[in-house]
Amino acid sequence: MEEVSREGPSDASRWSDEGRGERRGEARNQDDKTKCLSAVLKALISLYIQSAPMRPPYARLWGRGDTVPGEPAKKDENSRRGNWGNQIEFVLTSVGYAVGLGNVWRFPYLCYRNGGGAFMLPYFIMLVFCGIPLFFLELSFGQFASQGCLGVWKISPMFKGVGYGMMVVSTYIGIYYNVVICIAFYYFFMSMTKLLPWTYCNNPWNTPDCSGVVSSPLNATLANATTSLVAGVTEVVNRTKRTSPSEEYWKHYVLNISDDIGNFGEVRMPILGCLAISWFVVFLCLIRGVKSSGKVVYFTATFPYVVLTILFIRGITLDGAINGIKYYLTPQWQKVLDAKVWGDAASQIFYSLGCAWGGLITMASYNKFHNNCFRDSIIISITNCATSVYAGFVIFSILGFMAHNLNVPVSEVADHGPGLAFVAYPEALTLLPISPLWSLLFFFMLILLGLGTQFCLLETLVTAIVDEIGTDWIIRNKTVVTLSVAIVGFLLGVPLTTQAGIYWLLLMDNYAASFSLVIISCIMCICVMYVYGHRNYFKDVEMMLGFPPPLFFKVCWRFISPVIISFILIFTVIQYKPITYNDYVYPGWSLAIGFCMAMSSVICIPIYALYKISRSPGATFRERLKHACRAHPKWGPALQEHRTGRYAPMASEDTVEARPLKEKEDLTIQGSNGSTNTHNNPNPSA
């Protein structure tokens, strides 16, 4: 027994050691298997990445690109200039640029004025034949050259004045657009109260003609007033002209408006302070260019849809909302035969998408070279138009509720522009329970919609300046340029914060970016399609995307879109009426200033063309003109790795020596019709 007892522990320990050894062996085998499996997976992933560009033909239109949307880029393709962090940032930024204040305060008004649902027919026809093709043209233009609105005109240097015209237009819009944003900031701050200040007519700024939607309670506490906004007695005003408390708050308190555009009066310090805040926010978001603004748009471009949805759900639950929506959508098909309806549809599509501002070219210039901008143009354009239609439901559901409470037709409370954003809609909000909350949401939405457009306007100017100078110092100190442009924009916006500021704001809105944009866009189409040559441009797009532009877009670029643009220009001239603001008629000298602002962007085109022709070599005017129209040798993809085919430099001296006459012939052909662009500069040693 003692032997057994003595041997027992030794055997047990031996068996235990053997077990541990077996387990160690199994663990080693498991580790080996894991390592082997990991190596196989790495090999498969590496093989997939290497073969990723080889995609099936049916995926060409939608799948081409070096980065998957939503996947962060590890390295900038253009290290000197920078790229978007990923493709989602570009799409969101472009959506924020296209979807602006006009989608909320202009489209719904145009829709009900031009036949309700019947207006959708010409609207979407113009979107297909003019909006999307022009959008795709500008995106592909900027992406191919990786340059801003000035640098892209290496395609035909004589037309560089078009780029300067775009800069002038963006400057005008950026100045007054930020003033609108700052007023939205002011209303946002003033909504942080228990009672909206434009609810009643018992304020120092009100006049005897003021008549509120909600009756003013007598001998009631502030708490009782806020809880009885809806339950209170509603006044039905049977007057030909009713002055609402929101209108008097807007005119006599916020603006303290003067009686004439020449009477500037004093600077409205609250508005000036909000203007400084607005420019500071824009600068902070652009402090690192597209790297910082690309992150901000994840919020600024998406949250407005959250607010729109909240306001829509609240609006359709109100009494009378259905009447407002019916007024918005009920088709009047007889108006489809009216040329004015088609003109309004074409103009709204053109201005809403931001064509000819330079912003689309600038934003696309930060894309990677092989990004599928064809897909992006369709997504962004349709999103923009769908947002306009959706915003109409939000606006007219609330206006229908307001008309129901006033017992008046919807047409009497419907408005557009600043009148809708700062008078009609704020007044309707006073009828809602917890009205300050809805007011905060509405004006916060306006701020975000405005900022999305303002980001691109400022980036357009900064990118044009930096690309034009192009030195290492200015590229490293791009933040300084951004700050300088923001400061200048703030100073130029100060006159718009005076008592006559609203007159000047509307003057700039009506003239600075009206027919001049149409002319700029038309000349851009002519230059690209007929001076540079449509075949050349189609080959450029095919080299960039991997597939040629669809036949529909080729036809639109060459024929249909220029015809529609010409129609918009003729329509704008025929329908021109001198600007008015309520009952105020602008004097002649102010209209002359407006026309000067409009012409200041267009005049850049012939002035620069004459300058370029005069500086071009040649014995006759015709030779100088040919040389000025000829594409610059540096035209083409910005990076050497993408300069393939006819943009490729000579690989060897033998090739150069074998083709000296061919190169001269190519240059001669290019000068005669602008359809060939060779960059194979002969080697000096050859």
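These numbers come from a predicted model, not from an experiment.

1. Looking at the confidence of the model for the protein chain
Per-residue confidence for the protein chain gives a mean pLDDT of 83; residues scoring 70 or more make up 80%. With pLDDT under 50 throughout, residues 1-18 is counted as low confidence; its partners more than four residues away or in other chains account for zero contacts. Predicted confidence for residues 218-240 stays below pLDDT 50, and this span has 33 contacts to residues more than four positions away or in other chains.

2. A few points about a nonpolar patch on the surface
Together, I526, Y530, L551, V555 and F559 line one region of the surface with nonpolar side chains, adding up to about 470 Å² of accessible area. Elements supplying a minimum of two residues to the nonpolar patch: α22 (515-531) and α24 (551-574). Considering each element in turn, the nonpolar patch owes the most residues, three residues, to α24. Within the fold, Y530 resides in helix α22.

3. Focus: the packing of helix α26 (residues 604-615) against helix α27 (residues 621-629)
One way to put it is that α26 packs onto α27 with a least axis distance of 8 Å and a crossing angle of 110°. When the axes of α26 and α27 are compared, the pair comes out roughly perpendicular. The interaxial crossing formed by α26 with α27 has right-handed handedness. Each of K612, I613, S614 and R615 in α26 lies in contact with α27, whose residues at this interface are F621, R624, L625 and A628. Of the residues belonging to the contact of α26 with α27, the class tally is four nonpolar, one polar and three charged.

4. Some words on the environment of T383
The residue T383 is located in helix α16 (residues 373-406) in this model. In this structure, the C-alpha to C-alpha distance between T383 and V99, residues 284 residues apart in sequence, is 8.3 Å. Excluding anything up to four places from it in sequence, T383 contacts V95 and Y305.

5. Observations regarding the packing of aromatic side chains
In this description, an aromatic ring pair is defined by two values, namely the gap between the centres and the angle between the planes. In the structure shown here, the tally under the stated rule is 65 aromatic pairs. Each ring, one from F141 and one from W153, has its centre 5.4 Å from the other, and the planes form 85°; the classification is edge-to-face. Here W153 lies in the loop between α6 (120-145) and α7 (160-190) and F141 lies in helix α6, a separation of twelve residues in the sequence. This pair shows no difference in class: F141 is buried, exactly as W153 is. Ring plane angle 25° and centroid distance 5.2 Å describe the contact between Y249 and Y253, whose orientation is recorded as stacked. On the criterion of helical spacing, the pair formed by Y249 and Y253 is a turn pair, its members being four residues apart in helix α9 (residues 245-254). Since its relative accessible area comes to 0%, Y249 is described here as buried. The ring of Y366 is capped by R81, whose NZ or CZ atom sits 4.3 Å from the centre of that ring.

6. What about the state of the cysteines?
Tallied over the entire structure, the rule returns one disulfide. Disulfide pairing places C201 opposite C210 at an S-S distance of 2.0 Å. In this structure, the disulfide formed by C201 and C210 twists by about -65° around the S-S bond and is classed as left-handed.

7. What about the nonpolar core?
Grouped together as the largest cluster of nonpolar side chains are 195 residues, with contacts concentrated most on F141, Y187, W250, F422 and Y586. Counting residues per element, this core draws most heavily on α7, which supplies 19 residues. If we ignore the near neighbours within four places in the chain, the residues touching Y187 are W198, Y249, W250, V254, F422 and F443.

8. So, the UniProt feature "binding site: Na(+) 2" (unreviewed entry) in the protein chain
Mapped onto this structure's residue numbering, the UniProt feature "binding site: Na(+) 2" (unreviewed entry) falls at S352. Note on placement: S352 falls in helix α14 (residues 339-352). Among residues more than four places away in sequence, those in contact with S352 are A98, N103 and N384.

9. Notes on the pattern of salt bridges
When the charged atoms of two side chains lie near each other, side chains of opposite charge can form a pair. Here the structure, examined in full by the defined rule, presents eleven salt bridges. Between R80 and D472 there is a salt bridge, and its shortest N-O distance comes to 2.5 Å. Taken as a pair, R80 in the loop between α2 (60-63) and α3 (87-98) and D472 in helix α19 (residues 472-476) lie far apart in primary sequence, 392 residues in all. Using a relative accessible area of 44% as the deciding quantity, one classes D472 as partly exposed. Overlapping salt bridges bring together R113, K340 and D344 as one network.

Criteria and thresholds
Residues numbered from 1 in each chain as written. Predicted model: local features only at pLDDT ≥ 70, side-chain atom pairs only at ≥ 80, totals over all residues. Heavy atoms only, no water. pLDDT = per-residue confidence, 0-100. Contact = heavy atoms within 4.5 Å. Patch = residues over 30% accessible without salt bridge, like charges linked within 9 Å, V, L, I, M, F, W, Y side chains within 5 Å. Areas by Shrake-Rupley, 256 points an atom, 1.4 Å probe, with all protein chains shown as cover. Salt bridge = Lys/Arg side-chain N within 4 Å of Asp/Glu carboxyl O. Helix = DSSP H or I, 4+ residues; strand = E, 2+ residues; numbered from the N terminus. Axes fitted to C-alpha atoms, helices over the stretch in contact; angles between N-to-C directions. Parallel < 35°, antiparallel > 145°, perpendicular 65-115°, else oblique. Left-handed = near helix turned anticlockwise from the far one by under 90°. Nonpolar A, V, L, I, M, F, W, Y, C, P; charged D, E, K, R; others polar. Phe/Tyr/Trp six-rings, centres within 6.5 Å; stacked < 30°, edge-to-face > 60°. Buried < 20%, exposed > 50% of the residue type's maximum accessible area, 1.4 Å probe, protein only. Lys NZ or Arg CZ within 6 Å of the ring centre and 35° of its normal. Disulfide = S-S within 2.5 Å. Core = buried A, V, L, I, M, F, W, Y, C linked by side-chain atoms within 4.5 Å. UniProt positions renumbered as here; feature names shortened; annotations may be inferred.

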